[in-house]
Every structure is written in structure tokens, then in C-alpha cells.
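Chain residues, written in single-letter form:
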Amino acid sequence: MFHSVPRRPICEIGVNAARLHGSRSFRRAVEEGTGRLERAPWLDRGMGLLLSWLQRAGVGEAARSGPKRKGLLSIFADHCSFVTGQRLRRACQIGELYSGLYSERTRWTLVGNMWRRFQGKHAPAGRLVAAVVGVFVWENEKIQDEEIRRCGLELQALEAAKNLSTSSGSAAAQLEPGWEIVMEKKDFRVWKRPIPNSHLYEYRVLGSYNDVTPRQFFNVQLDTEYRKKWDSLVIKLEVVDRDVNTGSEVVHWATHFPYPMYSRDYVYVRRYNVDVENNLMILVSRAVQHPRVPETQDFVRVHSYQSKMVIRPHKSFDENGFDYLLTYSDNPQTVFPRYCVSWMVSSGMPDFLEKLHAAALKGQELG
């Protein structure tokens, strides 16, 4: 008679084999990919963080569970180490190939397109990996069509307020509940209302000009090079990314702040729309994070910022005369009391609008 031999569970044998194979493959892939990562700095940091996290998670779980039993997280970490190591090496090879064939801007466009495809099939995983690797996914960050449409509907408030008497209180009441008049001048009126759960305000400007065309006023706001000439507060202003599908742009803007505050910088996505059917021009901007513009010690980064401009011509886009509605809010991250920040914004906004109007007039004269 043959003595029975104790059999190890099939699942345990499979797990150990996978762990051994995965660990060796992972180490080999990382060692072979190290040199390539040095030649692909746009990929190494984020992927290295992901791999190191998976490795630490697997080691920690194995230590807690002991030699007899492997946890699910450990199995998952081993499997991911093997698969990710292989794909990392392949990605480095592809990245090295494309780096010799295409410019940096084209490479980022290709990477963005690949992430969009991945995002369409695996949305949650796509957002996680994009954040780790440092890829800007337009599908997540772009200004949606619905947001553009809502901005156009807000113009109804402008139309209602325009038909009221010059009484500031009644006009504010028509604009929506909670708005308080701040300033009233010849060409515009300014309101503010508290932002819920914040010490900040949202501002709304209702204005009208009769000596410049809507198109010129609109284009001056889009022309970053021209703004460097007429806005003395600008330190840096450049477009760092574009979405060919919607025409949206990511802009990096650094500006001087009143002494003794440090200069601030903004990274925001902006999208515009010229609605010929409804006779509207709309420009929406909102703060985003972009891997090409990391925070530096030169500026204080403003992470909360939004601006919406809606323009309705009196006649046409190329004839003088239009009304506009500007809604604006940001958090400049100051330590000053609420009333000080409100005063700075309330006084700075009219000054900016006057400079914007003067720049539009000058640009129109120069043709």
C-alpha cells in the first residue's frame, strides 16, 4: 500500500507561484526600465510612486498575514507588480520612440488622446491613474456644453434688470435673492453676495458700452499677447494647453497683488462660444490643475477661481453697442479680514473694466 501524501491546496500553490513569478518579473522590469525612465522624466515620477505604493502594500500585508496565509491585497499587489512592470517597460520604449519623432506638445497630445480612450472604458480607474501619472484629461476638466448654456440663461437677469428703474435696490432684487449693491457708475453696476460656507463673496457686474463693438471687446479678453501690453499687473500670461475638439485652452496667469502681498498665479481652463442664433458671446473660465504648471515658490497659487462673461450686442457683433453680465469669484488666499478682501475686489474690478474698455477702444482704432 502506498502511503498518502498530504496535498497542498491548489489555490495556495497557484498564489505562491504567481507571487514568485511576479516578484522576479517586477524587479527585472524595474531594473531594465530604470535607464529608460531617466530619459522619460514626464513619466517616471508618477509611475514610480504607483509602483512603490503597490510594493509596500504587498510587503506590509504579507508581514501581517504571516507565512501561512496571503491576503487579497498581497495577491493583488503581486499581480499588479508583474503586469505594471511589463507595461512600464513597454511604455518607456514607446515614449523613447515618440520623443525622437515628435515635439513635446505633440507627445502630450498623443498621451491625452490615449487617456481619453482609456477613460471612456474605465472612468474611475482612468481618473486615478491620470492623477498619479500627471496627465491632464480634457474629458474631466473641460467646461461642459451645459455650463455654457446656463451662462446664456443668466442673461435673463440682465434683461430684467435693464428694464427696471435706476433704483439700485429693486434692480438687485431682480438679479436673484441675496445680491447687495456695491457700486454704481455710469457704465456699470456691481453687486456681491456671500458664498455659502465661506468668508468670501461672489461678484456680479452689469454693464453697457456704446462706443466699441462686441467682437472687439470679446477678442481683447482672449488675446493674451495684447493683454501683456495694456495690463501692467501681468507678470506671466501664456496658453499651456489646447483641446482641439472644443477650442478650450488652459492658461497660466501670474499677476501682481497690492503690497505687501506676494504675487499670485492662476491656472485655469477657458472656453468661449459665439452663439449667432441667440445673438450671444460667452466666455467661461475656471481654475484647474495641470501637470505642466506645478506650484512654485515664486507665486501663491489660487486654486479657487471662476469667471463668466455673457455679451449681447445691441445690433450685431460688429456694430458698436452691447450689454454684458460678468460673474466672478476667487479665493486669493489672504489673511486679511473679509471686509478688506471685499474692498480690494470691489475697487480693483472697476479699474480692470475701465482698462479693458480702453484697450478695446485702442485696438479698434488700430484696426
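Look up a bit, the structure's there.
Residues numbered from 1 in each chain as written. Predicted model: local features only at pLDDT ≥ 70, side-chain atom pairs only at ≥ 80, totals over all residues. Heavy atoms only, no water.

Asker: Got a minute to help me understand the overall build of the chain in this structure?
Answerer: Looking only at helices and strands, the chain features eleven helices and ten strands. A sequence separation of at least 24 residues applies to 59% of the contacts in the chain between residues at least 6 apart. Total accessible area on the chain is roughly 21,300 Å²; 54% of this is exposed by carbon and sulfur atoms. (Helix = DSSP H or I, 4+ residues; strand = E, 2+ residues; numbered from the N terminus. Contact = heavy atoms within 4.5 Å. Areas by Shrake-Rupley, 256 points an atom, 1.4 Å probe, with all protein chains shown as cover.)

Asker: Which parts of the structure should I look at to understand the nonpolar core?
Answerer: It is characteristic of soluble globular proteins that their nonpolar side chains tend to be buried jointly. Val 205, Tyr 209, Phe 217, Ile 311 and Tyr 324 are the most contacted members of the largest nonpolar core, which totals 38 residues. Per-element accounting of this core gives the leading share, six residues, to helix H11 (residues 338–366). Residues Val 269, Ile 282, Val 288 and Leu 325 belong to the second largest nonpolar core, which totals 20 residues. (Core = buried A, V, L, I, M, F, W, Y, C linked by side-chain atoms within 4.5 Å. Buried < 20%, exposed > 50% of the residue type's maximum accessible area, 1.4 Å probe, protein only.)

Asker: What is the right way to read a nonpolar patch on the surface from this model?
Answerer: The grouping of Tyr 272, Val 274 and Val 276 at the surface amounts to a nonpolar patch, some 280 Å² of accessible area in total. With respect to the helices and strands, Val 276 occurs in the loop between strand S6 (264–275) and strand S7 (280–287). The class of Val 276 is exposed, set by a relative accessible area of 62%. (Patch = residues over 30% accessible without salt bridge, like charges linked within 9 Å, V, L, I, M, F, W, Y side chains within 5 Å. Salt bridge = Lys/Arg side-chain N within 4 Å of Asp/Glu carboxyl O.)

Asker: Explanation requested: the packing of aromatic side chains in the structure shown.
Answerer: Remark: the centre distance and the inter-plane angle together describe each pair of aromatic rings, the angle taken between the planes. Considering all chains together, one arrives at 13 aromatic pairs under this definition. Both rings, one in Tyr 201 and one in Tyr 203, keep their centres 6.4 Å apart while their planes meet at 55°; by these two values the pair is tilted. Taken as a pair, Tyr 201 and Tyr 203 share a single burial class, namely buried. Note on Tyr 305 and Tyr 328: the rings are 5.7 Å apart at their centroids and 70° apart in plane angle, and the pair reads as edge-to-face. Taken together, the positions of Tyr 305 in strand S9 (residues 305–313) and Tyr 328 in strand S10 (residues 322–330) put the pair 23 residues apart, joining distant regions of the chain. Ring pairing ties together the aromatic residues Trp 253, Tyr 266, Tyr 268, Tyr 305 and Tyr 328, which thus form one cluster. (Phe/Tyr/Trp six-rings, centres within 6.5 Å; stacked < 30°, edge-to-face > 60°.)

Asker: Explain the environment of Asn 273 here, please?
Answerer: For Asn 273, the location among the structural elements is in strand S6. The contacts of Asn 273, once residues within four sequence positions are left out, are Ile 148, Leu 280, Met 281 and Ile 282.

Asker: Mind showing me how you'd approach the side chain of Asp 241 here?
Answerer: The residue Asp 241 is located in strand S4 (residues 234–242) in this model. Buried within the structure, Asp 241 lacks any salt-bridge partner; Arg 292 is the closest side chain of opposite charge, at an N-O distance of 4.1 Å. There is a polar contact of 2.9 Å between the side chain of Asp 241 and the side chain of His 290. (Lys, Arg positive; Asp, Glu negative; His and termini not counted. Polar contact = N/O pair within 3.5 Å; in protein donor to acceptor, adjacent residues only side chain to side chain.)

Asker: Explanation requested: the pattern of salt bridges in the structure shown.
Answerer: Side-chain pairing between opposite charges can occur once the charged atoms of the two side chains come close. Summed over all chains, the structure comprises 14 salt bridges. Ionic pairing is found between Lys 185 and Glu 354, a salt bridge with its closest N-O pair at 3.6 Å. You can see Lys 185 sitting in the loop between strand S1 (180–184) and strand S2 (188–194) and its partner Glu 354 sitting in helix H11, a full 169 residues away along the chain. Overall, the relative accessible area of 40% leaves Lys 185 in the partly exposed class. Overall, Glu 354 belongs to the partly exposed group, its relative accessible area being 40%.

Asker: Looking at this structure, I do not really get unusual backbone geometry. What am I missing?
Answerer: Of all residues except glycine, most have a negative phi; of all peptide bonds, most are trans. Even without being a glycine, Asn 197 presents a positive backbone phi close to 60°. Located in the positive-phi region is Asn 279, a residue other than glycine, with phi close to 60°. The exposure class of Asn 279 is partly exposed, given its relative accessible area of 22%.

Asker: Mind showing me how you'd approach the environment of Val 212 here?
Answerer: Within the secondary structure, Val 212 sits in the loop between strand S3 (201–209) and helix H9 (214–222). A residue is classified by how much of its surface remains accessible, and Val 212, at 0% relative accessible area, is buried. C-alpha separation for the pair Val 212 and Asn 320, spaced 108 residues apart in sequence, amounts to 4.7 Å. Aside from chain neighbours lying at most four places away, what touches Val 212 is Glu 319, Asn 320, Gly 321, Phe 322, His 357, Ala 360, Leu 361 and Gln 364.

Asker: When you look at the pairing of S10 in this model, what are you seeing that I'm missing?
Answerer: Working note: regular strand, side chains alternate between the two faces of the sheet. Taken across its nine residues, S10 has nine buried, putting it largely inside the fold. Neither face of S10 is open: one carries Phe 322, Tyr 324, Leu 326, Tyr 328 and Asp 330, the other Asp 323, Leu 325, Thr 327 and Ser 329, and all of them are buried. For S3 and S10, the ladder comprises seven bridges, and the chain directions are antiparallel. Note that in S10 the partner of Tyr 203 across the bridge is Tyr 328. Bridging between S9 and S10 involves nine bridges; their strand directions are antiparallel. Looking at the pairing, Lys 308 lines up with Thr 327 of S10. (Pairing = 2+ DSSP bridges.)

Asker: Any chance you could explain H9 here in plain terms?
Answerer: Turn by turn, an α-helix covers 3.6 residues, leaving residues three or four places apart pointing in a common direction. A large share of H9 lies buried, amounting to seven of its nine residues. Those residues of H9 that fall on the buried side of the exposure criterion are Pro 214, Gln 216, Phe 217, Phe 218, Val 220, Gln 221 and Leu 222.

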